[in-house]
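Given next are the chains, with one letter for each unit.
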Amino acid sequence: MTKYSKIYGVDISKDVFDVVDDRGSYHQFSNSPAGFKAFLKQLDCGELVVMESTGYYHYRLAQYLFKQGVPVSVVNPLQVKRFIQMRLSKIKTDKSDAKAICEYALVNAVPLYRALSEGQGVCLQLFRLLDNYLKQRTALKNKLHGEEALGKPSKVVYHSLKRSLQHLNKEVGLLEASLLELVRQDQQQQLTHLKSIPGFGTKTALFLIVITDGFSKFETAGQLCSYVGITPTIRVSGSSVRGKSRISKIGNKKLRNLLFLCAFSACKHNKGCKELYERIVAKGKSKKLALIAVANKLLKQAFAIAKSGLIYDENYKSKWA
């Protein structure tokens with residue numbers, strides 16, 4: 001039984017959002033301030049609104065409803081997708097998606113949305129643009145490498161790629177500096193504490209703080225590791241399927257790569273990580289698997305430090321790890 005008198009499932013897109021409640025009523029509103037107000041008029045006290053995280057489109061509605069005192073939940077779209085697949089549904093419309101979100105919330109405990117402050121909102125915008133530029137930069141580097149592999153690349157193509165790469169490098173540097181300045185204004189102490197972890201760099205600490213809203217999004221270290229995507233997935237079924245264990249790779253790829261790079265340094269300078277790495281390698285496991293385990297441990301150390309408010313201590317045993 002839910003504690004809410006009514007639950008609304010919302011499927012939101014660029015121009016409109018579709019709403020289905022737990023009694024089957026359906027409505028559509030414009031994804032605009034006027035549409036938000038029209039939807040709000042339909043809501044009564046003690047009702048819950050549930051929507052998927054869409055990256056951009058859900059943000060304004062979630063912020064608006066939260067500020068109006070309406071309980072809101074923003075759920076992982078992958079979880080809803082799996083829920084729909086389990087029900088073997090063959091219908092795919094905006095209305096059916098809104099209904100599925102509502103039904104998902106009826107049978108699963110969903111987290112309540114916590115509105116972002118103005119500073120957090122700006123940090124998130126900066127981070128998303130930075131992430132986009134980093135992907136573009138990687139694509140340009142790969143293209144440049146491909147042209148160089150031809151032996152005699154076109155000078156026009158080569159210099160155009162070089163200029164584009166230089167421009168992106170400049171923009172990435174400006175965005176990283178702006179992001180660092182904003183985080184220092186609100187969370188300088190947490191940034192300092194995270195950087196005290198041997199093997200942990202400024203950029204990794206910075207990205208972690210932004211992505212997790214200062215680690216407030218998660219209650220356990222396991223939740224954070226799953227979110228970042230460095231938890232192993234096991235493929236074993238019956239007597240014939242014995243797949244290799246792999247990391248889930250569901251999460252922010254850039255942060256995952258940064259943690260993996262930090263793991264190299266941590267294996268040398270971080271006591272707990274060094275012991276873990278040596279123990280896994282001594283068992284005959286691959287070095288790559290050992291580095292993934294170290295990245296996982298680094299993330300747990302970061303979580304423990306953020307939650308305890310203490311600086312790194314290699315002998316400290318935390319309840320958060």
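Definitions and limits used
- Residues numbered from 1 in each chain as written.
- Predicted model: local features only at pLDDT ≥ 70, side-chain atom pairs only at ≥ 80, totals over all residues.
- Heavy atoms only, no water.
- Axes fitted to C-alpha atoms, helices over the stretch in contact; angles between N-to-C directions.
- Helix = DSSP H or I, 4+ residues; strand = E, 2+ residues; numbered from the N terminus.
- Parallel < 35°, antiparallel > 145°, perpendicular 65-115°, else oblique.
- Contact = heavy atoms within 4.5 Å.
- Nonpolar A, V, L, I, M, F, W, Y, C, P; charged D, E, K, R; others polar.
- Expected span 1.5 Å × (residues − 1).
- Buried < 20%, exposed > 50% of the residue type's maximum accessible area, 1.4 Å probe, protein only.
- Arc of directions from axis to C-beta.
- Polar contact = N/O pair within 3.5 Å; in protein donor to acceptor, adjacent residues only side chain to side chain.
- Pairing = 2+ DSSP bridges.

J.: Can you help me understand the packing of helix α9 (residues 253-269) against helix α10 (residues 271-282) in this one?
T.: The packing of two helices is summarised by the inter-axis angle and the distance between the axes. At a minimum axis separation of 6 Å, α9 and α10 run at an interaxial angle of 95°. Of the possible angle classes, the one that applies to α9 and α10 is roughly perpendicular. Each of A266, C267, K268 and H269 in α9 lies in contact with α10, whose residues at this interface are K271, C273, K274 and Y277. Considered class by class, the residues forming the contact of α9 with α10 number 4 nonpolar, 1 polar and 3 charged.

J.: Please clarify how α10 should be interpreted in this entry.
T.: Residue pairs three or four apart in sequence face the same way in an α-helix, which turns once every 3.6 residues. Taking 1.5 Å per residue as the helical rise, α10 with its 12 residues ought to reach 16 Å, and the 16 Å between its terminal C-alpha atoms agrees with that figure. Among all positions in α10, only C273, L276, Y277 and I280 are buried. Looking down the long axis of α10, one finds its buried residues gathered within 100° of arc, a one-sided arrangement. Between a side-chain oxygen at the N-terminus of α10 and the backbone nitrogen of G272 the separation is 3.3 Å; the capping residue is N270.

J.: Help me understand the sheet that holds strand β4 (residues 47-52), please; the structure alone is not making it clear to me.
T.: The strands that make up a sheet are held in pairs by hydrogen bonds between backbone atoms, and each pair lies either parallel or antiparallel. Strand order in the open sheet formed by 5 strands is β3-β2-β1-β4-β5, with mixed pairing between adjacent strands. For this open sheet the edge positions go to β3 (26-30) and β5 (72-75), each flanked by a neighbour on one side alone. When strand polarity is set aside, the average angle formed by the axes of neighbouring strands in this sheet is 25°. Direction of pairing for strand β1 (residues 6-12) relative to β4: parallel, over a ladder of 5 bridges. Along β4, the bridge assignment pairs G9 with V50. Its contacts with the sheet put helix α1 (residues 33-42) on β1, β2 (16-21), β3 and β4, and the angle it makes with β3 is roughly 150°.

J.: Whenever I open this one, unusual backbone geometry confuses me. Can you help?
T.: The phi torsion of most residues other than glycine is negative, and most of the peptide bonds are trans. One non-glycine residue, D213, adopts positive backbone phi at about 55°. By relative accessible area, which is 12% here, D213 ends up buried.

Function-wise, these values are silent; they only describe arrangement.
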